[in-house]
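If you want the building blocks of each chain, they are given just below.
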Amino acid sequence: MRIFLCVVMLFNLVKGISQPPGYSVSNAHSHNDYEQPAPLMKAYQAGFGSIEADIYLRNDQLLVAHEEKELDNNRTLEHLYLEPLNRYVTNNQGYPYTDHSKKLLLLIDIKSEAIPTLDKLVQVLKQYPSLTGSRNLQFVISGNRPPENTYNSYPGFIAFDGELSKTYTNEALKHIALMSDNLANYTQWNGKGIIVADEGKKLQAIVAQAHELGKPVRFWNSPDFENAWLQLMKLGVDYINTDHIERLSTFLNTHKKY
């Protein structure tokens with residue numbers, strides 16, 4: 001009897017630290033991916049569902065960097081992301097991954113002035129019809145964005161990152177692909193243990209509200225290790241932000257589901 005109880009307790013313990021059902025590397029978001037040793041490649045090879053690149057418009061080029069002081073004319077959006085993605089999509093008959101059920105979101109965070117940078121991005125993307133025509137590849141604009149009432153003036157291959165704290169018109173919502181926010185706006189939780197009850201309920205309500213609108217959720221500036229990922233998944237957060245591609249990939253691929 002004692003052995004049986006120990007087995008039950010051990011099962012419940014394992015169950016308690018297992019990830020919620022339905023999560024895979026498709027729920028992983030490579031934050032500031034261009035800072036990885038192999039931009040795009042590492043997250044792509046891991047099968048991530050979302051990859052982030054920050055861009056500046058400089059001298060009629062779209063350069064990838066987090067800050068202006070890091071700008072390098074050799075690090076263009078085309079060279080680091082669009083050209084390799086174009087090869088993958090072409091090789092995969094119009095899909096980003098060999099598994100045609102998998103989707104890929106390229107989150108493009110605009111750091112320079114919104115409208116001219118986005119106009120240039122649209123111009124560049126039109127040179128890659130294989131990318132803009134792929135059903136499973138989505139370009140989502142974050143950072144500096146044009147006014148919401150102009151979203152419908154952009155081509156259909158352009159979508160936008162909404163803010164969880166904002167209320168949008170139904171027309172603007174048609175062009176919003178996901179909802180994001182700074183986790184620190186809602187909790188001071190450091191990723192250890194569980195989120196305190198009041199803050200947890202508030203976060204659950206915010207995530208549920210976005211889901212009612214049909215929008216997936218991502219939090220940036222979130223703790224980036226195993227327990228934190230698990231707690232975010234328990235809240236129903238759709239994209240788990242990480243700078244640690246291999247660790248999150250292993251976590252999502254090896255942890256047992258309920």
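What you see is a predicted model, and the numbers here were worked out from it, not measured in a lab. (Residues numbered from 1 in each chain as written. Predicted model: local features only at pLDDT ≥ 70, side-chain atom pairs only at ≥ 80, totals over all residues. Heavy atoms only, no water.)

1. Some thoughts on unusual backbone geometry
Here's step 1: With phi around 65°, D60 is a residue other than glycine that occupies positive phi space.
Here's step 2: Within the secondary structure, D60 sits in the loop between β2 (50–58) and β3 (61–64).
Here's step 3: Using a relative accessible area of 55% as the deciding quantity, one classes D60 as exposed.
Here's step 4: The backbone of Q93 shows a phi angle near 55°, a positive value even though the residue is not glycine. (Helix = DSSP H or I, 4+ residues; strand = E, 2+ residues; numbered from the N terminus. Buried < 20%, exposed > 50% of the residue type's maximum accessible area, 1.4 Å probe, protein only.)

2. Quick notes on helix α8 (residues 226–234)
Here's step 1: Within α8 the residues assigned to the buried category are A228, W229, L230, Q231, L232 and M233.
Here's step 2: Phi for G236, located one or two positions after α8, is positive at around 90°.

3. What to know about helix α9 (residues 245–254)
Residues three or four positions apart in an α-helix share a direction because the helix packs 3.6 residues into each turn.
Here's step 1: Buried within α9 we find I245, L248, S249, F251 and L252. The buried residues of α9 occupy an angular sector of 160° when projected down its axis, which confines them to one face. Exposed positions of α9 whose direction lies more than 90 degrees from the buried face are E246, N253 and T254.
Here's step 2: Where α9 is buried, its residues meet β1 (28–30), α2 (41–46), α8 and β9 (240–242). (Arc of directions from axis to C-beta. Contact = heavy atoms within 4.5 Å.)

4. Notes on the side chain of S50
Here's step 1: Tracing the chain through its elements places S50 in strand β2.
Here's step 2: Given a relative accessible area of 1%, S50 falls into the buried group.
Here's step 3: Sequence-distant contacts of S50, defined by excluding residues within four places in its chain, comprise A28, H29, S30, L104, L105 and Y239.

5. Considering the confidence of the model for the protein
Here's step 1: Overall, the predicted model of the protein reaches an average pLDDT of 92, with 91% of residues at or above 70.
Here's step 2: Scored below 50 in pLDDT, residues 1–19 makes 16 contacts in the model with residues more than four places away or belonging to other chains. (pLDDT = per-residue confidence, 0-100.)

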